[in-house]
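# Results of the structural survey
Spelled out from the first residue to the last, the chains are:
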Amino acid sequence: MLAAADTRTPPDPSILYMRPPGASDPLIPSTTGQLVVPGSPAGPRRMALGINDLGAQLRLHLNPDWAAEVRYLRGTASSDVGTIDANVFGVRGYRFFSEHHHFQLYAGLEAAYVSTSIRSYNNSNPPTSVANVSGFGDTSGYATGGFGGVEYRLGRRVAIDLDIGPYMIGLQEKVTSVSDASLDFVLDTAINVYLF
Amino acid sequence: MSIFSNRTAIFAAALWALVQAPALAFHVGLGNAAAAQGAKVVDKANSEYMDVGGSAFPALPSCGSNMALFNSAPVTDPTFLSYMPLGHVFPPGHTFPADHSYFNFNASSTQLLGINLYAPGDGWITQVTSYYDNVNSAPAFYTLTFSPCAEVQLINLSVNTLAPALLQPAGPSSTSCSSNTGNNPGVVWSCVTNMEHPVTGGQLLGTGGLVDFGPIIDTRFQISGFIDPARHVLDRGFCPIDYFIPSLKAAYTATLGGNNGSTLIIRTIQPVCGTIMQDLPGTVQGDWFFPGAPYPPDNPHLALIHHNVDPSTGTFSVGSSIPGFAGSHDFDPKTTADGTRIDYDFSLVNDNQIYCYDTLLIDFSNGAGGPDPQYAGNIVLLQMTDPSLDTLKIELQNPGTPCPSPASWAFTSNAVTFQR
């Protein structure tokens, strides 16, 4: 059943202000405007260009709490047949939390395309080693994982990031189709310059 | 979510990560983590696959330390006499001591066409190469590679006709054809088929055209002693007889040698299976390389060695670089230095003086041949010209007499220089 329209006189606005029990005067904010965290230098927060572990990244803040990032990384490792080079093309999503004293915690997820190849071969590979087959050693696959870390603001535009997280990396060798996936912990660092 | 609970969650996650990290791989940078995973995959593939003629095939089981890998006679024909010791020379193609043995038969050319070749052991045929005299006709002959296990290959087994089972090998195979003749006269085309066709000892592989037994490639070992090891393939050229089971090894070892018809000429000097490495540091004995020429092939080079059937005989194995002097030429060397510097065994030539050789003999692969009339009145002068004994000057001269007095020994512009 619908209630009848309320035709009574509106209450006095002053009684809507919160006040401590027993106080007679309403609580009125003494200042107005943007909330400023003490000790945090104001600066651009919209887009950042960064240098990470042997690569680069571009971050776009969708709002103060959420950001997306594309990044490229390189890496090197030793195998029985030679030195392996890796190229990683990744996309990250960030959730940033409140900033305190230049520090801002964040967490996120990443998905990346990975390719590796043999940069140089060991001289000790026997003649029957599959490493002698043309094209052997090229792999491709994915890396996906989560991370948590902290960004430290060095100044208005410059910040450093440090995060760690578990990543599942799966690759397949192209000549033999041999594949393997494993869970690794990865520590990532970066220096970001906020452009605007 | 409050900042407190956010921080707690992240710290909890970080703590979990730190607890878990020791049990997992840890990397600085996703790029390095990806490279490490790539290395892991490559190593896994390298352990599970092998190179078979340029194609990747599942790896064969390891040989371990097993040497008794051949359990069956590759030839049972009654005309078979023996295996040839390693180190046979036949310049210019085999100027250096050959890295394989041969089948010795006492058979007519017609009989040779009907001799069967059988698998010497359990294993796999990993490659068949078909050689064509005419692209539009059937192959003239085939060569096969047999592997009893991953590290050992018996290559270059030749037959005129291939066993039917090998024409359609089991499992995957890949074939590539080209104009590569393999240095076989008359051949214009060849097709290489890589495979892993399982065979058992004694299984028929083909018929007719049996020549070489080996080479053996065994990646478990390295041939030592070469003055410049970098010039040689060190895991190739082992004695194939050493890979038979004891009973067959003993039987074949007793017959190692050459033959003259039905007459077997047994090698009695150790190692009776011969050797491809005859370099003797500080002397002129061994392999000499024509400067700037590639190796392989053997063609431009020179070997000053001992005969593979009768090592008491010296052999000049001369490729194509010395004017007027080519082929294999034997001589009876002096085994003690008598001060003449004439016909010294190569192991006695150990300084920078000139040495002279005369009375070249007919190569007696199949028995003593006596003086070579083609080289009557010819002499060979040789001298290692540098203090390190790494440079050799050699020349064939024709004074019409045996080696004259040393005072008259002198090189002309026909002399050729070789290097270690």
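Placed above this text is the structure.
Residues numbered from 1 in each chain as written. Chains lettered and ligands numbered in written order. Predicted model: local features only at pLDDT ≥ 70, side-chain atom pairs only at ≥ 80, totals over all residues. Heavy atoms only, no water.

In terms of nonpolar packing, the biggest core is built from 46 residues, with B:Tyr83, B:Phe103, B:Ile125 and B:Leu144 touching the most fellow members. Mapped by element, the contributors of at least two residues to this core are strand 4 (80-83), strand 5 (101-105), strand 7 (123-132), strand 8 (141-149), strand 9 (152-159), strand 12 (189-199) and helix 5 (246-253) of chain B. If sequence neighbours within four positions are ignored, B:Leu144 has contacts with B:Ile125, B:Gln127, B:Val128, B:Leu154, B:Ile155, B:Asn156, B:Leu157, B:Val159, B:Leu162, B:Leu166 and B:Leu205. Counting 32 residues, the second-largest nonpolar core is a separate cluster that includes A:Ile84, A:Val88, A:Val178 and B:Ala34. (Core = buried A, V, L, I, M, F, W, Y, C linked by side-chain atoms within 4.5 Å. Buried < 20%, exposed > 50% of the residue type's maximum accessible area, 1.4 Å probe, protein only. Helix = DSSP H or I, 4+ residues; strand = E, 2+ residues; numbered from the N terminus. Contact = heavy atoms within 4.5 Å.)

Another aspect to go through is the interface of chain B and chain A. Counting residues at the interface gives 42 residues for chain B and 57 residues for chain A. Summed over both sides, the interface of chain B with chain A buries roughly 3900 Å², with 72% coming from carbon and sulfur. Across the pair B:Lys44 and A:Asp180 runs a salt bridge, and its minimum N-O distance is 3.8 Å. At the junction of chain B with chain A, the criterion picks out 12 residue pairs in polar contact (both at pLDDT 80 or more). Among the elements of the structure, helix 1 (3-20), strand 1 (25-28), helix 2 (30-48), strand 2 (49-52) and strand 3 (55-58) of chain B are those that each provide at least two residues to the side of chain B that touches chain A. Top contributing element to the side of chain B that touches chain A by residue count: helix 2 of chain B, with 18 residues. Where strand 8 (residues 179-194) of chain A meets strand 1 of chain B, four bridges bridge the pair, whose relative direction is parallel. (Buried area = accessible area lost by both parts, 1.4 Å probe. Salt bridge = Lys/Arg side-chain N within 4 Å of Asp/Glu carboxyl O. Polar contact = N/O pair within 3.5 Å; in protein donor to acceptor, adjacent residues only side chain to side chain. Pairing = 2+ DSSP bridges.)

Moving on to the packing of aromatic side chains. Counted according to the given criterion, the structure contains 37 aromatic pairs over all chains. Taking the centre distance of 4.7 Å and the plane angle of 40 degrees together, the rings of A:Phe103 and A:Tyr152 count as tilted. Of the two residues, A:Phe103 sits in strand 5 (residues 103-121) while A:Tyr152 sits in strand 6 (residues 139-153), which places them 49 residues apart along the sequence. Both rings, one in B:Phe290 and one in B:Phe418, keep their centres 5.8 Å apart while their planes meet at 65 degrees; by these two values the pair is edge-to-face. Of this pair, B:Phe290 sits in the loop between strand 19 (286-288) and strand 20 (302-306) while B:Phe418 sits in strand 26 (residues 416-419), and the two are 128 residues apart along the sequence. Through successive ring pairs, a cluster of aromatic residues spans B:Phe70, B:Phe80, B:Tyr83, B:Phe103, B:Phe105, B:Phe146, B:Phe213, B:Tyr243, B:Phe244 and B:Tyr252. The side chain of A:Arg92 reaches across the aromatic face of A:Phe147, ending 3.7 Å from its centre. Between B:Arg231 and the ring centre of B:Phe289, over which it is positioned, the NZ or CZ distance is 4.2 Å. (Phe/Tyr/Trp six-rings, centres within 6.5 Å; stacked < 30°, edge-to-face > 60°. Lys NZ or Arg CZ within 6 Å of the ring centre and 35° of its normal.)

Read these as spatial facts, not as claims about activity.
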